[in-house]
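# Structural overview
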Amino acid sequence: QVQLVESGGGLVQSGGSLRLSCAASGFTFSMYAMSWYRQAPGKERELVADITSAAGVTNYKDSVKGRFTISRDNPKNTVYLQMISLKPEDTAVYYCKASRGRTTYWGKGTLVTVSS
């Protein structure tokens, strides 16, 4: 059974930091590209960052560059999103996604709320 379980969300003040984790099971994690998406109230889900399976090449949404860092620990089947200098506009439900070819798995999300 495939599972992606996000954790680490919560309420933080503007300028604060959080580290999100996404624990994967039920598939060969190291073979999948991993991504973090977010969806703010009333808005579409958007890509925040992703990391390739083998080389670990990363890519970021412009508005989070320099503040967010995506990383993965293949032996632990976990992907992380370190977030610093958080802003109120970062408030959203954050989802992790695993993808390989046409196969995609999603987690259920974790809520991040940044107060001003």
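These numbers were taken from a predicted model, which means no experiment stands behind them.

### So, the nonpolar core
Within the largest apolar cluster, 29 residues are counted, with the highest numbers of intra-cluster contacts made by W36, V79, L81, M83 and Y94. Those elements that place two or more of their residues in this core are β3 (18-25), β4 (33-39), β5 (46-51), β7 (68-73), β8 (78-83), β9 (92-100) and β11 (110-115). Other than its neighbours up to four places away in sequence, L81 contacts L18, R19, L20, W36, V48, A49, F68, T69, I70 and Y94.

### Some remarks on the state of the cysteines
Throughout the structure, instances matching the rule amount to one disulfide. Each sulfur of the disulfide joining C22 and C96 lies 1.9 Å from the other. Placement of C22 in strand β3 and of C96 in strand β9 is noted, with a sequence separation of 74 residues between them. Both residues of the pair, C22 and C96, count as buried.

### Topic: the environment of M31
In this structure, M31 sits in the loop between β3 and β4. The exposure class assigned to M31 is partly exposed, which follows from its relative accessible area of 39%. Linking M31 and S115, residues 84 residues apart in sequence, is a C-alpha distance of 37 Å. Setting aside anything within four residues of it in sequence, one finds M31 in contact with S53 and R100.

### Remarks on the sheet that holds β8
The four strands are arranged β1-β3-β8-β7 in an open sheet whose pairing can be described as antiparallel. In the strand order of this sheet, the two ends are held by β1 (3-7) and β7, each with one partner. Going from strand to strand, the sheet's axes swing by 15° on average, the running direction of each strand aside.

Analysis parameters
- Along every chain, residues carry numbers that run from 1 in the direction the sequence is written.
- Totals for whole chains, interfaces and linings use every residue, but because this is a predicted model, local features are given only for residues with pLDDT of at least 70 and side-chain atom pairs only at 80 or more, for both listing and counting.
- Values shown for side chains rest on all heavy atoms present in the structure; no hydrogens or waters enter the calculation.
- Side-chain atoms within 4.5 Å link the members of a nonpolar core, which is a set of buried Ala, Val, Leu, Ile, Met, Phe, Trp, Tyr and Cys residues.
- Throughout this description, buried means an accessible area under 20% of the type-specific maximum (1.4 Å probe, protein chains only), exposed means over 50%, and partly exposed covers the range between.
- The way it works is that DSSP assigns letters per residue, a run of H or I at least four long becomes a helix, a run of E at least two long becomes a strand, and they are numbered from the N terminus.
- Contacts are assigned to residue pairs with any non-hydrogen atoms lying within 4.5 Å of each other.
- Cysteine sulfur atoms are paired as a disulfide whenever they come within 2.5 Å of each other.
- One bridge is not enough; two strands pair if DSSP finds at least two bridges between them.
- Under this scheme, a helix contributes an axis fitted over its contacting stretch, all axes are lines through C-alpha atoms, and angles between N-to-C directions fall in the 0 to 180 degree range.

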